[in-house]
Amino acid sequence: MIDNPKLLHCVQRIRVRSEFVLGLAAQLRDDLTAMNRLPDPSPEMVIDSSFLFPFDGADWLTLKGLFSQIVALTETPEVDAILKQAQVRPLDYILRTMPDRFYSFDYQGNDPYVLVFYSRIRPRAMSIRSLRYTLNDDKRVIGRVLSLPEVMGLDDTEEINEHRSDVPPLTVGIVRGFYAVVNQVIGGPIDSEEVSQAIDDACGGEELVVR
C-alpha cells in the first residue's frame, strides 16, 4: 500500500466529487422524467424572463440534452465502476446533502414549464456550473500528480493508503480512470458555447458560488 500524500490528496478529491456526480445523476434522471411529461417547447418560447437573461425553449432543449448526456456518461460500465468504488455514503444521504438545497426557488403560478424551470432546471444548472469549476481544478491538480516521475511508474493495482478502515482503498488505476473521465467532461459537452449560454440563462447571471 502506497503512502503518498499527493496521491492521497487526489483520492480525497475523487471521493467527494464522485459522490456529487452520483447524486447529480440521480437528480437528473428525475428531472428528465418531469421534463418528458411536457411537450418540448418551441425554441422561441420565453419560459422565464425574471432574471438577467431570459430562459427560453432553446435553452430548455439544450439543457435537456446535456442532462441526458451526463446521465448516459455515468451509466457507462467504466464510469459507473469508478464512481461506485469511490462512494462512501449511501445515495439517500448524498441526496439529502446536495448543494441545490441552497438554490431552490418558490413558484406560486400554474405554468408547468415555469414550475419545472424553477424546481428542477435552474437548481441543477447552478450545480452543474459549480461542478464544471471544480472538475476543471481537479483536471489540473490530478493531471500534475499523475505526471510526477514517482507516480508514472506505479502499477494500476497499487492501493493508496488513506489510513482508514471503513471503506476499501482506491488504487492508482482509479485515480487514472477518474482523470480520464474528467477529460471527457471538461472540454466536452459541458463546455460547449451553446451549453454555457443555456446554463448562464438558467442561472440568470447570478454570481458563481462553489459550495
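Quick look at the structure, then. (Residues numbered from 1 in each chain as written. Predicted model: local features only at pLDDT ≥ 70, side-chain atom pairs only at ≥ 80, totals over all residues. Heavy atoms only, no water.)

Quick notes on the overall build of the chain
When helices and strands are counted, the chain shows eight helices and two strands. Helices (α) and strands (β) of the chain occur, in sequence order from the N terminus, as α-β-β-α-α-α-α-α-α-α. Its C-alpha atoms give the chain a radius of gyration of 19 Å, within 12% of the compact-globule value 17 Å for 211 residues. Seen through its principal axes, the chain has C-alpha atoms that stretch 60 × 30 × 30 Å. Taking the intrachain contacts of the chain between residues at least 6 apart in sequence as the baseline, contacts between residues at least 24 apart amount to 78%. Element-wise, carbon and sulfur atoms account for 52% of the exposed surface of the chain, whose accessible area totals about 10,600 Å². Computed over 22 positive and 32 negative side-chain charges, the inter-centroid distance for the chain is 4 Å. (Helix = DSSP H or I, 4+ residues; strand = E, 2+ residues; numbered from the N terminus. Rg over C-alpha atoms; globule rule 2.2 N^0.38 Å. Contact = heavy atoms within 4.5 Å. Areas by Shrake-Rupley, 256 points an atom, 1.4 Å probe, with all protein chains shown as cover. Lys, Arg positive; Asp, Glu negative; His and termini not counted. Charge placed at Lys NZ, Arg CZ, Asp CG, Glu CD.)

So, helix 8 (residues 193–203)
Regarding helix 8, the residues found buried are Val195, Ser196, Ala198, Ile199, Asp201, Ala202 and Cys203. Immediately downstream of helix 8, the backbone of Gly204 shows phi near 65 degrees, a positive value. (Buried < 20%, exposed > 50% of the residue type's maximum accessible area, 1.4 Å probe, protein only.)

Structural notes on the side chain of Arg13
With respect to the helices, strands and loops of the structure, Arg13 is situated in helix 1 (residues 5–36). With near-sequence residues (within four places) excluded, Arg13 lies in contact with Asp137, Asp138 and Val141.

A look at unusual backbone geometry
With a phi angle near 60 degrees, His163 is a residue other than glycine that sits in the positive phi range. Structurally, His163 is set in the loop between helix 6 (149–152) and helix 7 (172–185). His163 gets classed as exposed once you look at its relative accessible area, which sits at 62%.

Some points on the nonpolar core
One finds Phe55, Trp60, Leu63, Phe67, Ile121, Ile128 and Val175 to be the most contacted residues of the largest nonpolar core, which totals 59 residues. Considering every element that reaches this core, the biggest residue donor is helix 5 (residues 112–146), with 14 residues. With residues up to four places along the chain from it excluded, the contact list for Phe55 reads Met45, Val46, Ile47, Asp48, Trp60, Leu63, Phe117, Ile121, Ala198, Asp201 and Ala202. (Core = buried A, V, L, I, M, F, W, Y, C linked by side-chain atoms within 4.5 Å.)

Overview of the packing of aromatic side chains
The full count for this structure, using the stated rule, is five aromatic pairs. Considering the side-chain rings of Tyr107 and Tyr118, the 5.7 Å spacing of their centres and the 5 degrees angle between planes classify their relative orientation as stacked. Here Tyr118 lies in helix 5 and Tyr107 lies in the loop between helix 4 (91–96) and helix 5, a separation of 11 residues in the sequence. On the basis of an interplanar angle of 80 degrees and a centroid distance of 5.3 Å, the ring pair of Phe117 and Tyr118 is categorised as edge-to-face. Tyr118 carries the same exposure label as Phe117, and that label is buried. Through pairs of rings, three or more aromatic residues link up here, namely Phe51, Phe55, Tyr107, Phe117 and Tyr118. Its guanidinium or amino end placed over the ring of Phe51, Arg122 lies 3.7 Å from that ring's centre, counting from NZ or CZ. (Phe/Tyr/Trp six-rings, centres within 6.5 Å; stacked < 30°, edge-to-face > 60°. Lys NZ or Arg CZ within 6 Å of the ring centre and 35° of its normal.)

Side note on the pattern of salt bridges
Pairing between side chains becomes possible if they bear opposite charge and their charged atoms approach one another. Enumeration according to the criterion identifies 15 salt bridges in this entry. For Glu162, the salt bridge goes to Arg164, with nearest N and O atoms at 4.0 Å. On the basis of relative accessibility, which here comes to 13%, the residue Glu162 falls in the buried class. You can call Arg164 partly exposed: its relative accessible area is 37%. (Salt bridge = Lys/Arg side-chain N within 4 Å of Asp/Glu carboxyl O.)

Brief notes about helix 7
Its 14 residues give helix 7 an end-to-end C-alpha distance of 20 Å, which sits within 8% of 20 Å, the value for a rise of 1.5 Å per residue. Turning to helix 7, its buried residues are Val172, Ile174, Val175, Gly177, Phe178, Val181, Val182 and Val185. Packed against the buried residues of helix 7 are helix 1, helix 2 (57–74), helix 3 (77–86) and helix 5. Gly187 sits one or two residues past helix 7 and shows a positive phi near 90 degrees. (Expected span 1.5 Å × (residues − 1).)

Regarding the packing of helix 2 against helix 8
Each pair of packed helices can be summarised by the angle the axes make with each other and by the distance between the axes. Where helix 2 contacts helix 8, the axes come no closer than 9 Å and their chain directions differ by 115 degrees. Relative to helix 8, helix 2 is oriented roughly perpendicular. Between helix 2 and helix 8 lies a crossing of left-handed hand. Contacts from Asp59, Thr62, Leu63 and Leu66 in helix 2 reach Glu194, Val195, Ala198, Ile199, Asp201 and Ala202 in helix 8. (Axes fitted to C-alpha atoms, helices over the stretch in contact; angles between N-to-C directions. Parallel < 35°, antiparallel > 145°, perpendicular 65-115°, else oblique. Left-handed = near helix turned anticlockwise from the far one by under 90°.)

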